[in-house]
Amino acid sequence: MQFTIAIDGPAAAGKGTISKAVAAHYGFAHLDTGLLYRAVGAKTLAGIDVLEAAITLTAEDLTASDLRTPEVAQAASKVAVLADVRAALVDFQIAFARRSGGAVLDGRDIGTVICPRAEAKLFVTASAEVRAARRYLELSQNGHDVTREAVLEDVKARDARDMNRAEAPLKPAEDAVLIDTSDLGIEAAIAAAVAAIDARKG
Ligand code: DC
């Protein structure tokens with residue numbers, strides 16, 4: 001059985017939480033594609049050439065412990081504008097999407113570029129202020145020394161770069177179901193996602 005669920009949206013909208021829950025609900029495999037760009041970004045911060053980093057990326061690189069920092073997030077968003085970097089990561093994502101047993105992929109361009117024929121597509125969003133507040137909580141709880149203002153600026157800078165780039169910009173696929181999590185708790189957001197996917201499963 002092949003069934004691909006594409007979940008796109010901006011930073012800290014709740015994609016990760018929803019994707020994990022949806023994958024567990026249906027028993028599907030899950031790929032957080034942001035990790036691919038974060039791993040490439042982290043390597044460039046360590047001085048490795050960006051294309052070299054993308055071409056030689058291994059599954060092990062995705063388990064590095066420091067991929068969730070704000071610095072790596074910005075580096076990821078910067079390497080993600082490069083067409084050659086994106087091209088180097090396409091095959092892995094498509095193969096993952098078509099594995100048997102079903103797959104959930106979350107990112108920015110899954111429903112538009114990587115899996116335009118995904119059986120179900122969601123676009124998960126929330127206001128920049130709500131997303132920044134969530135990210136601030138998460139980072140400060142994990143011991144990062146950040147301010148609310150800096151996190152909001154980071155979120156806005158990444159949104160602008162991700163949405164305005166020429167290659168695979170962040171935008172909802174025409175046939176994506178929109179879920180705005182600004183005023184939704186986690187359980188309600190997951191329920192909305194499952195309901196939208198069930199409607200596509202028939
Ligand atoms: O989802 P995330 O915050 O981990 O993503 C980090 C960056 O990677 C994001 O700012 C843009 C880039 N990205 C992308 O361009 N395409 C994807 N499918 C996933 C992430």
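Whatever comes next refers back to the structure up there.
First, a word on scope: everything that follows refers to the structure included in this document.

This brings us to the site of the ligand. Arg38, Arg86, Arg108, Arg158 and Arg165 are the nearest of the 15 residues found near the ligand. Between an oxygen atom of the ligand and a side-chain N or O atom of Arg86, the distance comes to 2.8 Å. Asp162 places a polar side-chain atom, nitrogen or oxygen, 2.8 Å from an oxygen atom of the ligand. For the ligand, whose unbound accessible area comes to 450 Å², protein coverage reaches 97%. Only helix 2 (34–45), helix 4 (70–79) and helix 8 (148–164) provide two or more residues apiece to the shell around the ligand. Counting residues per element, the shell around the ligand draws most heavily on helix 2, at 3 residues. Split by residue class, the shell around the ligand holds 3 nonpolar, 4 polar and 8 charged.

Before going further, it helps to spend a moment on the pairing of strand 3 (residues 103–107). Buried residues dominate strand 3, accounting for 5 of its 5 residues. Side chains Ala103, Leu105 and Gly107 of strand 3 all project onto a buried face; the interleaved residues Val104 and Asp106 project onto the opposite face, where all are buried too. For strand 1 (residues 4–8) and strand 3, the ladder comprises 5 bridges, and the chain directions are parallel. Within the sheet, the bridge partner assigned to Ile7 lies in strand 3 and is Asp106. As paired elements, strand 2 (residues 29–32) and strand 3 share 4 bridges and run parallel to each other. Bridging across to strand 3, Asp32 finds its partner in Asp106.

For the pair helix 7 (residues 128–141) and helix 8, interaxial distance at closest approach is 9 Å and the crossing angle is 125 degrees. Classified by the angle between their axes, helix 7 and helix 8 sit oblique to one another. Here helix 7 and helix 8 pass one another in a crossing that is right-handed. Mapping the contact onto sequence places Ala128, Glu129, Arg131, Ala132, Arg135, Tyr136 and Leu139 in helix 7 and Arg148, Val151, Leu152, Val155, Lys156, Arg158 and Asp159 in helix 8. Tallied by class, the residues present in the contact of helix 7 with helix 8 amount to 7 nonpolar, no polar and 7 charged.

Take the side chain of Ser77 next. Looking at where Ser77 falls in the secondary structure, it is placed in helix 4. The class for Ser77 is buried, based on a relative accessible area of 4%. Those residues within four positions of Ser77 in sequence are excluded, and the remaining contacts are Arg158, Arg161 and Asp162.

Of all hydrophobic cores here, the largest spans 20 residues; its most connected members are Ile5, Val22, Leu122 and Ile197. Going through the elements one at a time, strand 1, helix 1 (15–26), strand 4 (120–125) and helix 9 (186–201) are the ones with two or more residues in this core. Counting residues per element, this core draws most heavily on helix 9, which supplies 6 residues. Apart from the residues within four sequence positions on either side, Ile5 is in contact with Val22, Tyr26, Phe28, Ala103, Val104, Leu105, Ala120 and Ile197. Counting residues in each nonpolar core, the second largest holds 17 residues, with Leu35, Ala76, Ala80 and Leu89 among its members.

About the cut-offs
- Residues numbered from 1 in each chain as written.
- Predicted model: local features only at pLDDT ≥ 70, side-chain atom pairs only at ≥ 80, totals over all residues.
- Heavy atoms only, no water.
- Near = heavy atom within 4 Å.
- Polar contact = N/O pair within 3.5 Å; in protein donor to acceptor, adjacent residues only side chain to side chain.
- Areas by Shrake-Rupley, 256 points an atom, 1.4 Å probe, with all protein chains shown as cover.
- Helix = DSSP H or I, 4+ residues; strand = E, 2+ residues; numbered from the N terminus.
- Nonpolar A, V, L, I, M, F, W, Y, C, P; charged D, E, K, R; others polar.
- Buried < 20%, exposed > 50% of the residue type's maximum accessible area, 1.4 Å probe, protein only.
- Pairing = 2+ DSSP bridges.
- Axes fitted to C-alpha atoms, helices over the stretch in contact; angles between N-to-C directions.
- Parallel < 35°, antiparallel > 145°, perpendicular 65-115°, else oblique.
- Left-handed = near helix turned anticlockwise from the far one by under 90°.
- Contact = heavy atoms within 4.5 Å.
- Core = buried A, V, L, I, M, F, W, Y, C linked by side-chain atoms within 4.5 Å.

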